[in-house]
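Remarks on the overall topology
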Amino acid sequence: MTNGWSLIRIATILVYLFLFAPVAVVILLAFNANQFGSFPIEGFSLRWFDSLLHNDAIVRAFKTSLLLGILTSAISTTIGTMAAVAMVRYDFPGKKAISSLLIAPILIPEVVLAVALLLFLQFLALPKSFGLLLMGHVVFTLPFVLLVVQARLVSIRRDVEEAAMSLGATPIQTFFEITLPLMLPAVMAGMLFSFTISFDDITGTLFWKPGGVETVPTQIFAMLRNSISPEINALGAVMVIFTVAMPLVATAIARRVSAARIKASKAK
Amino acid sequence: MAERQHAVELRNVVKRYGEFTAVKKMDLTVPENSFVTFLGPSGCGKTTTLRMIAGLTDITEGDLVIRDRRVNDLPIHKRNLGLVFQNYALFPHKTIFDNIAFGLKYRNVNKADIAQKVKSALDLVQLPHVADRYPNQLSGGQQQRIALARAIVIEPDVLLLDEPLSALDANLREEMRVELKRIQRELGVATIFVTHDQSEALAMSDKLVVMKDGIVEQEGQPEDVYNNPSSAFVADFLGHSNIFAGTLAEPSGETAPVQLEGGTTLKTTIHQIERVNRQQNIRAVIRAEKIMVSTNQNPTSNDSTSIPGRIKTVDYLGQMARYFITAEGQDWQVINPIDQHPFGEGADIFMHIPARNCVLLPGHHD
Ligand SMILES: Nc1ncnc2c1ncn2[C@@H]1O[C@H](COP(=O)(O)OP(=O)(O)OP(=O)(O)O)[C@@H](O)[C@H]1O
Ligand SMILES: [Mg+2]
């Protein structure tokens, strides 16, 4: 019995090591003073981070990714939330079909989706553009927002909204006063999801990006083709820290805000 | 201004869901200041009717009139109704104060008045100190009081309650029922109360509406409906009744004999005979608690009937006992107060049935 358990424990630890060790190595090597990444690390240095800051291509890629991520999450969250409300609260013909259509992008391999969108664009005889890239990211992240918000909305009782309306709130006032605050955690989660997914995405982005535009992942990809520069490790480290820290900071802020709200209402 | 009679009027109201008709030709009035209860088995259309009045469900046919105004097409937020739900439906992210103040915000009430009104609503439901709490910091009974406060603080034209007490445990339910009735009296607001608990319905209502399969079976004062059920369904649904088919013989004086199917003969009154238009084939309804069981053979008065029988089983209910009795080949049930000890199983007894307790209904045609 105990033997079985310790075997499982060891296996689990090994699996996690296997998954996370490369990430740890990348972060460690980012601080390596030596040009050629090898162990043991020779000296601690921030020079690769410094050179990142002075690499125009990387800074531009970072700005592009940031803008793309923010726009994607704003659009996806808005559309996704509205779609979730429609799916959960209203009945209309073709609801099932539309729902499957909106969820499909997670089920279809990303490459297929990428090619499909590209072909569609060609069919319309439109050039690739930042707009298309954004559209691709929105299509791709929408299902995540939709699923998360839908799940939350199902658990919000309809009679709470009905009570609000019986007290004189219009349906729109009810949405902003009651429904939205109650599903806010899910909306925030959807926003974070879509941002990080957009920020990390490479497959679709490679297909959709117009010439000359790079995001952080495609920039790393391009740099890897030439040489393995320690700058890449530094960039990788920044990416990891960014995508891990984002949700943590966001949750912390959300906690703060709700705590402050409770306090404020207590003070009244 | 002419005196208004009815807070709510339903005129031939019908509700269909596709092929299925949930409410059939409902005609109903709710007088001002009165407490009206919808009572009926599950699925009979109580909630549907209430939701149509509230504006939460469309009306398929007919007119809904609230305070002399046809409101079929008026959306819920313009109807000025107080709604209380079975599961309280408080806003979990708002304090009790903000919950109660919610409706006032949409009624151009200034801040000072809001505070004043919320305070008096809290006083009315006897929870003056919970304004700063959140709903999940209150017990179920307290939450339901807040839900009530939130509904009445807007001074609604009609108060609509859908099984507001059924999520509470038995003791609390009784207490809340008294409380609710007190508050309703104090405010004088016309109230529609949905329940499938008959004791609740009998205790609280000015007018009782018994529903079945989307129609009103009977309406009237609780006592009337209880004593003079107009159908076997009502007789059976309210309390426990013995119902037998039978034939009516010629009356002699103030009473007339009724021949029941099994051969038993009972006496009934002229009044009852008139109720069934002197029809020959009738059904006799005798309420379980209107039969007296004793070991004494002599009738209690000369217009009552005594039937010998034997007790098969006894349900001991505390102050009451419920007897299942075989008499002249028929099964009866009787509920009697217990005098020291209930009669034992197998005991030979007599059932005494006064003529006025033998209620007649028209014979089988349903
Ligand atoms: N949205 C709907 N679509 C189809 N049928 C419905 C719908 N809502 C209610 N019904 C049907 O209408 C009938 C009346 O329902 P209603 O909820 O009014 O019953 P009720 O008297 O309130 O019962 P209960 O005591 O169980 O609450 C039921 O047979 C129910 O199945
Ligand atoms: Mg119901």
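Residues numbered from 1 in each chain as written. Chains lettered and ligands numbered in written order. Predicted model: local features only at pLDDT ≥ 70, side-chain atom pairs only at ≥ 80, totals over all residues. Heavy atoms only, no water.

Naming follows an unreviewed UniProt entry, where chain B appears as ABC transporter ATP-binding protein of Thalassospira profundimaris. The record in UniProt for chain B states the following under Sequence similarities (unreviewed entry): "Belongs to the ABC transporter superfamily." (UniProt positions renumbered as here; feature names shortened; annotations may be inferred.)

Labelled according to an unreviewed UniProt entry, chain A appears under the name Spermidine/putrescine ABC transporter permease, originating from Thalassospira profundimaris. UniProt lists a comment for chain A under the heading Sequence similarities (unreviewed entry), and it reads "Belongs to the binding-protein-dependent transport system permease family. CysTW subfamily." Regarding chain A, the UniProt comment filed under Subcellular location (unreviewed entry) reads as follows: "Cell membrane".

A word on the interface of chain A and chain B
Contacts between the two partners involve 23 residues from chain A and, on the opposite side, 25 residues from chain B. For the pair chain A and chain B, the two sides together bury roughly 2,100 Å², of which 62% comes from carbon and sulfur. One salt bridge in this structure joins Glu162(A) and Arg51(B), with 2.7 Å as the shortest N-O distance. Linking chain A to chain B there are five residue pairs in polar contact (both at pLDDT 80 or more). Those elements that place two or more of their residues in the side of chain A that touches chain B are α7 (158–166), α8 (171–200) and α11 (230–267) of chain A. Looking at the side of chain A that touches chain B, the element that brings in the most residues is α7(A), giving seven residues. Classifying every residue of the side of chain A that touches chain B by side-chain character gives 11 nonpolar, five polar and seven charged. (Contact = heavy atoms within 4.5 Å. Buried area = accessible area lost by both parts, 1.4 Å probe. Salt bridge = Lys/Arg side-chain N within 4 Å of Asp/Glu carboxyl O. Polar contact = N/O pair within 3.5 Å; in protein donor to acceptor, adjacent residues only side chain to side chain. Helix = DSSP H or I, 4+ residues; strand = E, 2+ residues; numbered from the N terminus. Nonpolar A, V, L, I, M, F, W, Y, C, P; charged D, E, K, R; others polar.)

Section: the nonpolar core
Side chains of nonpolar character tend, in soluble globular proteins, to be buried together. Residue and element names in this part refer to chain B. Formed by 88 residues in total, the largest nonpolar core has its most connected members in Val8, Ile100, Ile146 and Leu160. Looking at which element gives the most residues to this core, the answer is helix α4 (residues 140–152), with six residues. In terms of nonpolar packing, the next biggest core, distinct from the first, is built from 27 residues, Phe244, Ile273, Ala284 and Trp332 among them. (Core = buried A, V, L, I, M, F, W, Y, C linked by side-chain atoms within 4.5 Å. Buried < 20%, exposed > 50% of the residue type's maximum accessible area, 1.4 Å probe, protein only.)

Observations concerning the sheet that holds strand β3 (residues 35–39) of chain B
All names here are of chain B. In space, the six strands of this open sheet follow the order β6-β7-β8-β3-β9-β10, with mixed pairing throughout. Strands with a single pairing partner mark the edges of an open sheet, and in this sheet they are β6 (81–84) and β10 (215–220). Sheet twist, expressed as the mean angle between neighbouring strand axes with direction ignored, is 15°. Strand direction decides the pairing type here: β6 and strand β7 (residues 158–162), joined by four bridges, are parallel. (Pairing = 2+ DSSP bridges. Axes fitted to C-alpha atoms, helices over the stretch in contact; angles between N-to-C directions.)

What about the environment of Ala167(B)?
All names here are of chain B. By the secondary structure assignment, Ala167 is in the loop between β7 and α5 (170–187). Sequence-wise, Ala167 and Gln86 are 81 residues apart; in three dimensions their C-alpha atoms are separated by 6.4 Å. Filtering out sequence-adjacent residues up to four positions away, Ala167 remains in contact with Gln86 and Tyr88.

As for the UniProt feature "transmembrane region" (unreviewed entry) in chain A
Residue and element names in this part refer to chain A. The positions UniProt marks with the feature "transmembrane region" (unreviewed entry) are residues 7–31, 66–88, 100–124, 130–154, 175–199 and 232–254. In the segment residues 7–31, helix accounts for 96% and strand for 0%; the C-alpha atoms at its two ends are 35 Å apart. The distance from the first to the last C-alpha atom of residues 100–124 is 25 Å, and the span holds 88% helix and 0% strand.

Details of a nonpolar patch on the surface
Residue and element names in this part refer to chain A. The grouping of Ile106, Leu107, Ile108, Val111, Val112, Val115, Leu119 and Leu147 at the surface amounts to a nonpolar patch, some 650 Å² of accessible area in total. Breaking the nonpolar patch down by element, the ones donating at least two residues are α4 (95–107) and α5 (110–123). It is α5 that contributes the most residues to the nonpolar patch, four residues altogether. Mapping Leu119 onto the fold places it in helix α5. The exposed category is assigned to Leu119, whose relative accessible area is 51%. (Patch = residues over 30% accessible without salt bridge, like charges linked within 9 Å, V, L, I, M, F, W, Y side chains within 5 Å. Areas by Shrake-Rupley, 256 points an atom, 1.4 Å probe, with all protein chains shown as cover.)

Focus: the domain arrangement of chain B
As far as domains go, chain B holds domain 1 (6–227) and domain 2 (240–362). For domain 1 of chain B versus domain 2 of chain B, the distance between C-alpha centres works out to 39 Å. (Domains from an automatic or database assignment.)

Here we look at the site of ligand 1
Residues and elements named next belong to chain B. The full set of residues close to ligand 1 is Tyr17, Phe20, Ala22, Ser42, Gly43, Cys44, Gly45, Lys46, Thr47, Thr48, Glu163 and His196. In this structure, a nitrogen atom belonging to ligand 1 sits 3.3 Å away from a side-chain N or O atom of Tyr17. In this structure, Cys44 approaches ligand 1 through a main-chain N or O atom, which is 3.2 Å from an oxygen atom. When ligand 1 sits alone it has 630 Å² of accessible area, and the protein chains cover 61% of it. Those elements that provide at least two residues to the shell around ligand 1 are β2 (20–31) and α1 (46–54). At three residues, the largest contribution of residues to the shell around ligand 1 is made by α1. Of the residues assigned to the shell around ligand 1, the class counts are four nonpolar, six polar and two charged. (Near = heavy atom within 4 Å.)

Let's talk about the pairing of strand β13 (residues 265–269) of chain B
Side-chain direction in a regular strand flips from residue to residue, so the side chains alternate between the two faces of the sheet. Residues and elements named next belong to chain B. Judged from the five bridges that link them, strand β12 (residues 255–260) and β13 form a sheet pairing that is antiparallel. Bridge assignment links Thr255 to a residue of β13, and that residue is Thr269. Hairpin connection, β12 to β13: the antiparallel pair is bridged by four residues, and Gly263 has positive phi, about 115°.

Some words on the UniProt feature "domain: ABC transmembrane type-1" (unreviewed entry) in chain A
Following the UniProt record, one finds the feature "domain: ABC transmembrane type-1" (unreviewed entry) at residues 62–250 of chain A. Overall, residues 62–250 of chain A shows 84% helix and 0% strand. The separation of its end C-alpha atoms is 20 Å.

Topic: the sheet that holds β2(B)
All names here are of chain B. Here four strands make up an open sheet; going across it, the order is β2-β1-β4-β5 and the pairing antiparallel. Looking along the sheet, the strands with just one partner apiece sit at the ends: β2 and β5 (69–70). Pairing geometry for strand β4 (residues 61–66) and β5, over two bridges, is antiparallel. In the strand pairing of β5, Val65 is matched with Arg70. In this fold α1 packs onto β1 (6–17), β2 and β4, with an angle of close to 120° to the strand it touches most, β1.

So, the packing of aromatic side chains
Scanning the entire structure with this criterion turns up 15 aromatic pairs over all chains. Ring geometry for Phe62(A) and Phe242(A): centres 5.7 Å apart, planes at 70°, overall edge-to-face. One end of the pair, Phe62(A), is in helix α3 (residues 56–89); the other, Phe242(A), is in helix α11, and 180 residues separate them in sequence. We classify Phe62(A) as partly exposed; its relative accessible area is 24%. Here Phe244(B) and Trp332(B) contribute two aromatic rings whose centre-to-centre distance is 4.6 Å and whose plane-to-plane angle is 50°, an arrangement assigned as tilted. Here Phe244(B) is found in strand β11 (residues 241–248), whereas its partner Trp332(B) is found in strand β18 (residues 330–337), with 88 residues between them in sequence. The residues Phe244(B) and Trp332(B) share a single accessibility class, namely buried. Taken together, Phe62(A), Phe195(A), Phe199(A) and Phe242(A) form an aromatic cluster joined through their ring pairs. In this structure, Arg287(B) packs its charged tip against the face of Tyr226(B), placed 4.0 Å from the ring centre. (Phe/Tyr/Trp six-rings, centres within 6.5 Å; stacked < 30°, edge-to-face > 60°. Lys NZ or Arg CZ within 6 Å of the ring centre and 35° of its normal.)

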